[in-house]
Amino acid sequence: MGTQELRRYFRRHNTSGVYTIYLPSGSPLQVYCEQDIDRWGWAVIQRRQDGSVDFYRNWTEYKYGFGDLNGEFWLGLENIYLMTSSGNYSLRMDLTDWDNTTGFAIYDTFSISNESNNYTLHVGGYHGTAGNGLDTKLLIICPQWTSLLDV
């Protein structure tokens, strides 16, 4: 299910909320669909809004996801990989700083590699107002996680 297929699916449901999509393998995955932005439905892969969920987690939690889809959450690297492993996807990031200044970034192409390739992020075709902070391939590893990769 690529970006266009997801958009057609989400257009049938015009309310933001949790929906079940089906991965290329046929396995179901619950995702939060944001319907109020940019006239399309977007499957949300991370939401941080009020600090109610601690995002300082171990590798396994970042791999499989954590939090509550109706609140703050991370969907999980493996789920994002499985979602983007077939079809064409785009990525939208909406950002708000401490002064309530907002911006967005859209990448027309988006995918991540599998775990054996360290979930490398691939993006291209930037446009938006938040700046192009992902202009090259990027490895999704923070310094504090480096030792966790060997566990």
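One structure accompanies this document, and this report is about it. (Residues numbered from 1 in each chain as written. Predicted model: local features only at pLDDT ≥ 70, side-chain atom pairs only at ≥ 80, totals over all residues. Heavy atoms only, no water.)

**Side note on the overall build of the protein chain**
Helix and strand content of the protein chain: 3 helices and 10 strands. The buried share of the protein chain, taken over its 151 residues, is 38%. Long-range contacts, defined here as pairs at least 24 residues apart, represent 39% of the contacts in the protein chain between residues at least 6 apart. When the accessible surface of the protein chain is summed, it comes to about 8,900 Å², and 48% of that surface belongs to carbon and sulfur atoms. (Helix = DSSP H or I, 4+ residues; strand = E, 2+ residues; numbered from the N terminus. Buried < 20%, exposed > 50% of the residue type's maximum accessible area, 1.4 Å probe, protein only. Contact = heavy atoms within 4.5 Å. Areas by Shrake-Rupley, 256 points an atom, 1.4 Å probe, with all protein chains shown as cover.)

**So, the sheet that holds strand β5 (residues 66–67)**
Read from one edge of the open sheet, 3 strands run β4-β6-β5, paired in antiparallel fashion. Of all the strands in the sheet, just β4 (46–47) and β5 have a single pairing partner and so form its edges. In the sheet, β5 pairs with strand β6 (residues 73–74) via 2 bridges, with the strands oriented antiparallel. Its bridge partner being in β6, Gly67 is matched across the sheet by Phe73. (Pairing = 2+ DSSP bridges.)

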